[in-house]
Each structure stands twice: as C-alpha cells, then as structure tokens.
Amino acid sequence: MMRKQFVVIGLGRFGGSVTRTLLSMGHEVMGIDKDERIVQEFASVMTEVFQADSTDENLMRKLGVRNMDHAIVAIGEDLQSSILTTLILKDLGLRTVTAKATSDYHQRMLEGVGADHIVHPERDTGIRVAHQVTSKNMIEYVELSPEHSLVEVLAPSTFNSKTLKTLNFRAKYGCSVMAIRRKRGELIVSPYADEVIFEGDMLVVIGNNKDIQRFERALED
Ligand code: ATP
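Residues numbered from 1 in each chain as written. Predicted model: local features only at pLDDT ≥ 70, side-chain atom pairs only at ≥ 80, totals over all residues. Heavy atoms only, no water.

Turning to the layout of surface pockets, a few remarks are in order. The computed volume of the largest pocket comes to approximately 570 Å³. Taken together, the residues of the lining of the largest pocket sort by class into 8 nonpolar, 6 polar and 9 charged. (1 Å grid on protein atoms, 1.4 Å probe; cavity = no way out; pocket = protein on both sides within 12 Å on 5 of 7 lines; lining within 4 Å. Points joined across faces, edges and corners; volume = space filled by probe spheres on them. Nonpolar A, V, L, I, M, F, W, Y, C, P; charged D, E, K, R; others polar.)

Structure follows, in structure tokens:
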C-alpha cells in the first residue's frame, strides 16, 4: 500500500475516528482543529496536530496544507466553516477534498465549492441501522445510488441446501447474488445457478431498492 499524506480538519467524533484509522493503516496525517483541548488530546497519538481556524487562508498556507495528497473536512455543525474551508483547500490547489455533509443543502453547497467527494455519515448509518434492526439476517446495507443497494445477508434456514436455481432467486426477488461466503470462509464470486446455499452462508446481493426490500421481507418469513 502506498503511504499517503492526509490532512483532517475538525477532530470531533467523525474526524477523530477517520484520523485514528488512517494512522493505524500507516498513513501520515496532519490534524487541525480550532479547539485547543481537542488538539491536546490528539497530541499523544500524532506528531502533526495544530490548533488553527481552517477558514484562515494564510494560516492554512503557512501550515503547508496544500502539500498533502488528500484533505478531509470533518466539520459538521458550523456550515459556514465547512464550506469556506473546502473552498480554501481547493483554491490552495489540493487535489482531493472529501467533505462531510449534514444535509442535502450542505451537500449542494459543498459540490458548489468543488468538493471531490461528499460523505453523509449520520444519514448513511441511520439507513443501515434501520435495515439491520428490522431484518435479523441483515449484516450490511450499502446504498449504491438513490435507486440501488447492495446488501450482505445471512442465508435463512429456508434457503438451506437449495441452489440459486431451485430458489428461483432472480425471478422471485429481482436481485442478483454477486457472491457467497461460506461459513468456513471460502468465497465464491459470481456463483452459477447450480451453486448450493447453506444456512448461515453470507450472500452479497445487489438490486434496486424495491426488489431488495422484497428480498428483505422474504428473509423474515
Ligand atoms: P462530530 O459529530 O464529528 O463530533 P460535528 O458534526 O458535531 O462533529 P462539529 O462539532 O461542528 O461537528 O465539528 C467537529 C470539529 O471541527 C470540532 O472539534 C470543532 O472544534 C472543529 N472545527 C469547527 N470549525 C472549525 C474551524 N473553522 N477550524 C478548525 N476546526 C474547526
């Protein structure tokens, strides 16, 4: 893996978690937060952490932010700071800026000032948790687009020892099984229709949201 240089702006719960994970993966991370107390807290886990207001363009330039490969703007509450910081980073020439949005309006403004990637951690986690708590076999739920999702589910007992063909999977649920992971860990990618499924196998299923919902309901029976 190539070691990359990141700058994370806003070391709250989200930015802090991104920072700790990047560090544990061996990347170089510069942290910036305007709150002295938070900066103190992070001084023990990273060498480059600065107390600074990221809306101060000159200060950002002095800190050498633009030499980083990738910036993550993890400011949520203060909309103006989030937007202005993103704008300044793009102006300084940062190639890739990922920003956290807290609403659709926030997302549109971030797009407007040139954010390259926008994430919605609270919204996405809310969607995933809602699916996980309503379907006991649901392990993972990922929205791929407003229309399509990918889910990871445990095969229920009703699927045991049946093939995708006998389950009539695609016709019945309208979605596709992309992969099967056996309990022992074996992974079968793009399974054929005669592949046998066992209870407890993990199925990776992709489809449009209506079909995925139909499939989820079938899992409950
Ligand atoms: P989380 O849920 O991740 O804790 P949040 O959505 O509540 O965050 P905020 O609390 O607004 O978001 O911001 C996260 C961090 O960003 C805070 O530690 C805050 O001090 C820092 N921050 C906010 N504005 C700026 C700024 N202009 N410059 C630097 N840091 C900032």
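Non-glycine residue asparagine 168 carries a positive phi angle of around 55°. Within the secondary structure, asparagine 168 sits in the loop between helix H7 (164-167) and helix H8 (169-173). A relative accessible area of 45% means that asparagine 168 is categorised as partly exposed. The phi dihedral of serine 190 is positive, around 50°, even though this residue is not glycine. For serine 190, the location among the structural elements is in the loop between strand S11 (187-189) and strand S12 (196-197). Overall, serine 190 belongs to the exposed group, its relative accessible area being 51%. (Helix = DSSP H or I, 4+ residues; strand = E, 2+ residues; numbered from the N terminus. Buried < 20%, exposed > 50% of the residue type's maximum accessible area, 1.4 Å probe, protein only.)

For the rest of this paragraph, the subject is the sheet that holds strand S6 (residues 117-119). Ordered by their spatial adjacency, 6 strands build an open sheet running S3-S2-S1-S4-S5-S6, and the pairing between neighbours is parallel. The open sheet terminates on both sides in strands that have one partner only, identified here as strand S3 (49-51) and S6. Neighbour to neighbour, the strand axes of the sheet diverge by 15° on average, direction disregarded. Here strand S1 (residues 5-9) runs beside strand S2 (residues 28-33); their pairing, made up of 5 bridges, is parallel. Within S2, the residue paired with phenylalanine 6 across the bridge is valine 29. Seen against the sheet, helix H4 (residues 79-92) touches S1, strand S4 (70-73) and strand S5 (96-100) and runs at an angle of roughly 175° to S5. (Pairing = 2+ DSSP bridges. Axes fitted to C-alpha atoms, helices over the stretch in contact; angles between N-to-C directions. Contact = heavy atoms within 4.5 Å.)

It is worth spelling out helix H9 (residues 209-220) at this point. Taking 1.5 Å per residue, 12 residues should reach 16 Å; H9 reaches 17 Å between its end C-alpha atoms and fits that length. Residues of H9 that are buried include every one of Asn209, Asp211, Ile212, Phe215, Glu216 and Leu219, and no others. The buried side chains of H9 occupy one side of the element, clustering within an arc of 160° when seen end-on. For H9, the capping residue at the N-terminal end is asparagine 208, with a side-chain oxygen 3.1 Å from the backbone nitrogen of lysine 210. (Expected span 1.5 Å × (residues − 1). Arc of directions from axis to C-beta. Polar contact = N/O pair within 3.5 Å; in protein donor to acceptor, adjacent residues only side chain to side chain.)

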